[in-house]
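Read off the chains here:
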Amino acid sequence: MLYYEIYLDVYFLENLMLNFLILQLTGIIQKETFSVRRKLLASGIGAVGACLIVVLPIHKSRIVSAACSILFCFLTAYAAGKKRGSRGWQQTVYVYGILSLFLGSIWQIFVTYLKLPFWLAAAAGYGTARLLWNCRRRAKAETKYLYDVTLQKGTKKILLKGLLDSGNQLTDPLTDRPVHITDYNEICRLLSEAEIQELDGFLDMELCGQGDALFRYIPYHSVGEGRGILPAITLDSMEIKHGESAWNTKRVLVAVSRRAVSSGGKYQMILHPRILE
């Protein structure tokens, strides 16, 4: 049989530290602030529970040991979040439980396979979890304001990605209609060869919006670039979708930029915020 020598004071402090770090991450994910006193109290409950599982005959039964571990995990999270209302502590228990499983696996890898000291493994596991959460949050933020856009002119339709930009306040000075901005390459998919030539003339400022011209100029002002003009065209319709929500607008005014509106190519159109009104 194998025997392990465990120092309860060290084991208690290790579990206290791990529980504290998990509660810290739980608060970050829930966007809640737990007081240091409350986190220490809750972490102490979990650490005492871990010590009891080792000291008492509980550890001889895997089923009983697992059940007690779940119970003390619940008590730890409940102690941290019980003052936030019934729904609040339930969410705390759920997040804390998931993080316990995830971080427990990471710490086990760092200690068992990488042979890191406990304090270094704890810091590395916490840092890894924070990094993964920040990456997820940034990815979610990038897609939060991205919409599926369908532009139509006559019988032609194109699909692209549009960014809803509150900073886009471009409007038609004559009618106050909101103006959206799209890439040159995208709008050309809706145009005939003759219309593309007309657009090129407007972009090169060789033509002006007179008579039966398809395009006309819209003045703009942007930080860093100063003032200028963009050729704009009125399209038959534009439909934007985000999740299960959809908006359809007739006779939309779309300005054309020769430069890509997104340097990374994640979207091909900048939407005016008034499109959702």
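Residues numbered from 1 in each chain as written. Predicted model: local features only at pLDDT ≥ 70, side-chain atom pairs only at ≥ 80, totals over all residues. Heavy atoms only, no water.

(A) Quick look at the layout of surface pockets. Its boundaries defined by the atoms lining it, the largest pocket holds a volume of some 1100 Å³. When residues of the lining of the largest pocket are traced back to their parent elements, those giving at least two are helix H1 (8–30), helix H2 (36–55), helix H3 (62–81), helix H4 (86–112) and helix H5 (118–144). With 10 residues, the single largest contributor to the lining of the largest pocket is H4. (1 Å grid on protein atoms, 1.4 Å probe; cavity = no way out; pocket = protein on both sides within 12 Å on 5 of 7 lines; lining within 4 Å. Points joined across faces, edges and corners; volume = space filled by probe spheres on them. Helix = DSSP H or I, 4+ residues; strand = E, 2+ residues; numbered from the N terminus.)

(B) Inspection of the side chain of histidine 180 at higher detail. Following the sequence through the fold, histidine 180 ends up in strand E3 (residues 179–183). Here histidine 180 falls in the buried class, since its relative accessible area comes to 2%. Setting aside its immediate chain neighbours within four residues, histidine 180 contacts Asn168, Met238, Val252, Leu253, Val254, Ala255, Met269, Ile270, Leu271, His272 and Ile275. (Buried < 20%, exposed > 50% of the residue type's maximum accessible area, 1.4 Å probe, protein only. Contact = heavy atoms within 4.5 Å.)

(C) Structural detail: the side chain of threonine 26. For threonine 26, the location among the structural elements is in helix H1. Here threonine 26 is in contact with Phe34, Thr92, Val95, Tyr96 and Leu99, once residues within four sequence places are set aside.

(D) Structural context of the confidence of the model for the protein chain. Chain-level statistics for the protein chain give a pLDDT mean of 83 and a share of 91% at 70 or above. Within the protein chain, the element-level pLDDT minimum falls on H4, averaging 80, and the maximum on E3, averaging 93. (pLDDT = per-residue confidence, 0-100.)

(E) The arrangement of the pattern of salt bridges in detail. All told, the structure shown has 6 salt bridges when counted by the stated rule. A salt bridge links lysine 161 to aspartate 148; the nearest nitrogen and oxygen atoms lie 2.6 Å apart. With a gap of 13 residues between them, lysine 161 in strand E2 (residues 156–164) and aspartate 148 in strand E1 (residues 146–153) connect regions that are remote in the sequence. In this structure, glutamate 195 and lysine 153 form a salt bridge, with 3.0 Å as the shortest nitrogen-oxygen distance. Of this pair, glutamate 195 sits in helix H7 (residues 193–203) while lysine 153 sits in strand E1, and the two are 42 residues apart along the sequence. (Salt bridge = Lys/Arg side-chain N within 4 Å of Asp/Glu carboxyl O.)

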